[in-house]
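These are the residues of each chain, in order.
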Amino acid sequence: SQQGEEDPQALSIQEGENATMNCSYKTSINNLQWYRQNSGRGLVHLILIRSNEREKHSGRLRVTLDTSKKSSSLLITASRAADTASYFCAGAKAAGNKLTFGGGTRVLVKP
Amino acid sequence: GAGVSQTPSNKVTEKGKYVELRCDPISGHTALYWYRQSLGQGPEFLIYFQGTGAADDSGLPNDRFFAVRPEGSVSTLKIQRTERGDSAVYLCASSTGLAGERDTQYFGPGTRLTVL
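Reading guide: rules and limits
Residues numbered from 1 in each chain as written. Chains lettered and ligands numbered in written order. Predicted model: local features only at pLDDT ≥ 70, side-chain atom pairs only at ≥ 80, totals over all residues. Heavy atoms only, no water. Helix = DSSP H or I, 4+ residues; strand = E, 2+ residues; numbered from the N terminus. Rg over C-alpha atoms; globule rule 2.2 N^0.38 Å. Buried < 20%, exposed > 50% of the residue type's maximum accessible area, 1.4 Å probe, protein only. Contact = heavy atoms within 4.5 Å. Areas by Shrake-Rupley, 256 points an atom, 1.4 Å probe, with all protein chains shown as cover. Disulfide = S-S within 2.5 Å. Core = buried A, V, L, I, M, F, W, Y, C linked by side-chain atoms within 4.5 Å. Buried area = accessible area lost by both parts, 1.4 Å probe. Salt bridge = Lys/Arg side-chain N within 4 Å of Asp/Glu carboxyl O. Polar contact = N/O pair within 3.5 Å; in protein donor to acceptor, adjacent residues only side chain to side chain. Nonpolar A, V, L, I, M, F, W, Y, C, P; charged D, E, K, R; others polar. Lys, Arg positive; Asp, Glu negative; His and termini not counted. Pairing = 2+ DSSP bridges.

## Looking at the overall build of chain B
At step 1: Each helix and strand in chain B was counted, giving zero helices and 11 strands.
At step 2: For chain B, the sequential pattern of α-helices and β-strands runs β-β-β-β-β-β-β-β-β-β-β.
At step 3: Compactness check: chain B gives a C-alpha radius of gyration of 14 Å against a globular reference of 13 Å for 116 residues, within 12% of the reference.
At step 4: Taken over the C-alpha atoms alone, chain B extends approximately 40 × 25 × 25 Å along its principal axes.
At step 5: When each of the 116 residues of chain B is scored for burial, the buried share is 46%.
At step 6: Taking the contacts inside chain B whose residues are at least 6 apart along the sequence as the reference set, 54% of them involve residues at least 24 apart.
At step 7: A total accessible area of about 5500 Å² is found for chain B, and carbon and sulfur atoms account for 47% of it.

## Things to note about the state of the cysteines
At step 1: Under the criterion given, the structure shown has two disulfides over all chains.
At step 2: Covalently, C23(A) is tied to C89(A) through a disulfide, its sulfur atoms 2.0 Å apart. Measuring the twist about the S-S bond at about 70°, one finds the C23(A)-C89(A) disulfide to be right-handed. Note that C23(A) is positioned in strand β3 (residues 19-25) and C89(A) in strand β9 (residues 85-92), a separation of 66 residues in sequence. Considered together, C23(A) and C89(A) belong to a single accessibility category, that of buried residues.
At step 3: Through a disulfide, C23(B) is tied to C92(B); the S-S separation comes to 1.8 Å. Across the disulfide from C23(B) to C92(B), rotation about the S-S bond amounts to roughly -65°, and the bridge is consequently left-handed. One end of the pair, C23(B), is in strand β3 (residues 19-24); the other, C92(B), is in strand β9 (residues 88-95), with 69 residues separating them in the sequence. Each member of the pair, C23(B) as well as C92(B), carries the same accessibility label: buried.

## Some words on the nonpolar core
At step 1: With 22 residues, the main nonpolar core has M21(A), L32(A), W34(A), L46(A), L74(A), I76(A) and Y87(A) as its most contacted residues.
At step 2: Elements with a minimum of two residues in this core: β2 (10-14), β3, β4 (31-37), β5 (43-50), β7 (61-66), β8 (71-76), β9 and β11 (105-110) of chain A.
At step 3: Broken down by element, this core gets its largest block of residues, four residues, from β3(A).
At step 4: In terms of nonpolar packing, the next biggest core, distinct from the first, is built from 20 residues, L32(B), L46(B), A67(B) and L113(B) among them.

## Description of the interface of chain A and chain B
It is common to report an interface's size as the accessible area lost on association of the parts.
At step 1: On the chain B side, the residues contacting the 23 residues of chain A number 27 residues.
At step 2: Between chain A and chain B the total buried area reaches about 1800 Å² when both faces are included, carbon and sulfur atoms providing 45% of it.
At step 3: For the pair chain A and chain B, the interface holds two salt bridges.
At step 4: Between R50(A) and D103(B) there is a salt bridge, and its shortest N-O distance comes to 2.6 Å.
At step 5: At the boundary of chain A and chain B, one finds eight residue pairs in polar contact (both at pLDDT 80 or more).
At step 6: For the side of chain A that touches chain B, the class distribution of residues is seven nonpolar, 13 polar and three charged.

## Thoughts on the side chain of E6(A)
All names here are of chain A.
At step 1: With respect to the helices and strands, the residue E6 is situated in strand β1 (residues 4-7).
At step 2: This buried residue, E6, is left without a salt bridge; R106 holds the nearest opposite charge, at 10 Å.
At step 3: A distance of 3.0 Å separates a polar atom in the side chain of E6 from the backbone nitrogen of C89.
At step 4: A polar atom in the side chain of E6 sits 3.0 Å from the backbone nitrogen of G104.

## Some words on the pairing of strand β7 (residues 65-68) of chain B
At step 1: Of the two faces of β7(B), the one lined by F65(B) and A67(B) is fully buried and the one lined by F66(B) and V68(B) carries no buried residue.
At step 2: Between β7(B) and strand β8 (residues 75-79) of chain B, which pair antiparallel in sequence order, lie six residues; one of them, G72(B), sits at a positive phi of approximately 75°.

## Comments concerning the pattern of salt bridges
At step 1: A complete count under the given rule lists eight salt bridges over all chains for this structure.
At step 2: Where E53(A) meets K56(A), a salt bridge forms, and the shortest distance between an N and an O atom there is 4.0 Å.
At step 3: A relative accessible area of 25% places E53(A) in the partly exposed class.
At step 4: Here R64(B) makes a salt bridge to D86(B), at a shortest N to O gap of 2.8 Å. Here the residue R64(B) occupies a position in the loop between β6 (53-56) and β7, and D86(B) occupies one in the loop between β8 and β9, the gap between them amounting to 22 residues. The exposure classification of R64(B) matches that of D86(B), with both residues buried.
At step 5: Here the residues in one salt-bridge network are R64(B), E83(B) and D86(B), joined through shared partners.

Given below as structure tokens:
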């Protein structure tokens with residue numbers, strides 16, 4: 001079963017705009033991660049935020065975590081056509097544990 | 001260095017047949033995970049190895065599914081008496097197992113299994 005929900009399920013934006021997607025989860029976590037997937041195959045790790053962190057940045061990515069609301073958001077700034085992909089959040093209850101994924105957000109960046 | 005590799009990339013089989021899916025983790029990674037992903041959904045956990053032993057097999061859907069990692073490196077996921085509902089992309093991931101680094105999982109390209 002999936003850990004939680006991602007919102008929106010699909011997002012279409014113009015190149016240069018920002019893309020924001022949200023993830024809600026059900027149980028307590030040690031850390032939450034975001035992955036990108038192209039063409040329904042391998043996932044690429046983007047960023048990890050731990051339960052004692054509230055915000056993290058990596059290049060054009062910004063992740064927030066609100067453990068009181070059991071939610072996280074991923075912001076991609078100045079989007080590019082190459083950012084077109086599906087984005088998944090995944091929570092781990094303990095360090096090194098299995099990941100429980102959300103249903104994903106499909107992002108289309110139009111040139 | 002080389003990433004996680006999975007073979008075959010595609011497997012088509014008939015209902016009732018037996019299949020084996022192979023995963024080669026990143027060299028030196030002690031933790032290995034299997035997930036499966038149905039179309040339009042997020043990956044779902046199947047089993048996790050720490051070294052040679054299964055640390056968590058709670059995601060295996062039934063006793064037709066079995067996985068091994070006899071030498072703590074390569075792993076094989078085995079599915080007996082395949083059913084059409086087993087059709088999915090089977091993903092393997094590995095991580096270092098080192099404190100502070102073990103949370104990041106590196107995924108292979110997956111094996112697309114189609115059961116006719």
